[in-house]
Amino acid sequence: MSYTGDVKVGGEPDVRELPGLTVTKVAVGPYDNNAYVLRCSATGEQLLIDAANEGTRLLSLIGDGPLGRVVTTHRHQDHWQALSQVVEATHAPVAAHPYDAEILPVPVTEPVEHGGTVRVGRSTLEVIHLRGHTPGSIALLYDAGGELADTPHLFTGDSLFPGGVGNTWGDPKLFNQLITDVTERVFDRLPDKTWVYPGHGGDTTLGKERPGLAEWRSRGW
C-alpha cells in the first residue's frame, strides 16, 4: 500500500521508501504526537525525530539497528517524554537547538543551528530554525543530495501544520516571528511538491498550504 501519513495512536506505523532513506511514522499518546524513524538504506543507521512517548514502542521500531542520534524538534514536554528511556537504552547522542536544549531531560551533545546539518548514515538533513512556537524550534529538510530537489521532504515539528503555523498563544510578536520564518525559510525557498511531516496529525504539502499564507497572517494565528 502507498504511504499516506495517516496514523493513529495505538495503530500501525506507516512506512515510506525514499532514495537513501526509509521513513517510518508512528503516532503515540496521550497527545497524538508523531515520531519518525529514518533509516539509511546504505548503512542501516537510524535517526529518531522526537522521542515523544511510548518509549518501549519506539525502541521496538528501532530494533537492533544502530540509532545514530535522536533529534528533538523543540522543548515542549510532549515531544520528549520518552527521550530518557530511548537514550538510556541506545546511548544515542541527542541533537537540538541550543535555545531549547536546557529544558530537555538529558544533555544535548549535538547542538544544531540554522543552516547546519545532521546525518543518518550516508544521508544528510538540513536544519531550518523556525522561531516563534519556541525559541529553538527546528525543522529538518531532506532532498537526497539534490535527487529530490523538486520534491523534498520536510519534518516541521510544531512549527507548520495543515491549515496554519504552530501555536503562539495569541502573542503578536511570536506569531509575526513564526509566520515570517515559515514564509521566508520554507515557502519562499521550497517548491509546492515539498512533503510536510508535522509533529501531530496528518501530512500535507507546501502546495496545499501556500494559498492560505495571506489568510494566516491576516487572522494572526
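Quantities reported herein were computed from a predicted structural model and do not represent experimental measurements.

Quick word on the overall build of the chain
When helices and strands are tallied, the chain shows six helices and 15 strands. For the chain, the C-alpha radius of gyration of 16 Å lies close to 17 Å, the compact-globule estimate for 221 residues. Considering the chain as a whole, with its 221 residues, one finds that 55% of them fall into the buried category. When contacts within the chain are restricted to residue pairs at least 6 apart in sequence, those whose partners lie at least 24 apart make up 51%. Of the roughly 9700 Å² of accessible surface on the chain, 50% is carried by carbon and sulfur atoms. Mean positive and mean negative side-chain charge positions of the chain (18 and 28 charges, respectively) differ by 4 Å.

A few points about unusual backbone geometry
Of note, the amide linkage connecting glycine 29 to proline 30 takes the cis form, showing an omega dihedral of 0°. Residue position: proline 30 is located in the loop between β2 (21-28) and β3 (33-40). Located in the positive-phi region is alanine 144, a residue other than glycine, with phi close to 55°. You can see alanine 144 is positioned in the loop between β10 (138-142) and β11 (153-157). Phi at tryptophan 169 is positive, roughly 55°, even though this residue is not glycine. Turning to its location among the elements, tryptophan 169 is positioned in the loop between β13 (164-165) and α4 (172-187).

Digging into the sheet that holds β3
Across the sheet, seven strands lie side by side as β1-β2-β3-β4-β5-β6-β7; this open sheet has mixed pairing. Two strands bound the open sheet, and with one partner strand each, they are β1 (14-18) and β7 (110-111). Bridging between β1 and β2 involves five bridges; their strand directions are antiparallel. Directly across from glutamate 17, in β2, lies its bridge partner threonine 22. Of the strands in this sheet, β2, β3, β4 (46-49) and β5 (67-71) touch helix α1 (residues 55-62), which is tilted by about 160° from β2. Strands β4, β5 and β6 (94-96) of the sheet are contacted by helix α2 (residues 83-90), whose axis makes an angle of about 165° with β5.

Focus on the side chain of threonine 180
As for its position among the elements, threonine 180 is in helix α4. A relative accessible area of 18% means that threonine 180 is categorised as buried. Here the side chain of threonine 180 touches asparagine 176 through a polar contact of 2.7 Å, landing on its backbone oxygen. Every residue in contact with threonine 180, bar those within four places of it in the chain, is listed here: Arg185 and Arg217.

What counts and what doesn't
- Starting from 1, residues in each chain are numbered consecutively following that chain's sequence as written.
- A pLDDT threshold of at least 70 governs which residues receive local features in this predicted model, and a stricter bar of 80 or more applies before side-chain atom pairs are shown or counted, although totals over entire chains, interfaces and linings include all residues.
- As a rule here, side-chain values cover all heavy atoms of the structure and leave hydrogens and water aside.
- The secondary structure listing takes helices from DSSP runs of H or I that are at least 4 residues long and strands from runs of E that are at least 2 residues long, numbered from the N terminus.
- A radius of gyration in this sense is built from C-alpha atoms; the matching globule rule multiplies 2.2 Å by the number of residues raised to 0.38.
- Relative accessible area decides the class of each residue, using a 1.4 Å probe on protein chains only: under 20% of the type maximum gives buried, over 50% gives exposed, and in between gives partly exposed.
- The contact criterion used throughout is that any non-hydrogen atoms of two residues lie within 4.5 Å.
- The Shrake-Rupley method, run with a 1.4 Å probe, gives the accessible areas here. Residue values count only the displayed protein chains as cover.
- Charged-residue counts in this description rest on Lys and Arg as positive and Asp and Glu as negative, His and the chain ends being excluded.
- Here the site of a charge means atom NZ of a Lys, CZ of an Arg, CG of an Asp or CD of a Glu.
- We treat two strands as partners when DSSP finds at least two bridges between them.
- Note on method: axes are straight lines fitted to C-alpha atoms, helices fitted across the in-contact stretch only, with angles between N-to-C directions ranging 0 to 180 degrees.
- Counting of polar contacts relies on pairs of N or O atoms within 3.5 Å, with two restrictions inside protein: one atom must be capable of donating a hydrogen and the other of accepting it, and residues adjacent in sequence are counted only when both atoms are side-chain atoms.

The quantities given are spatial measurements derived from coordinates; they are silent on function.
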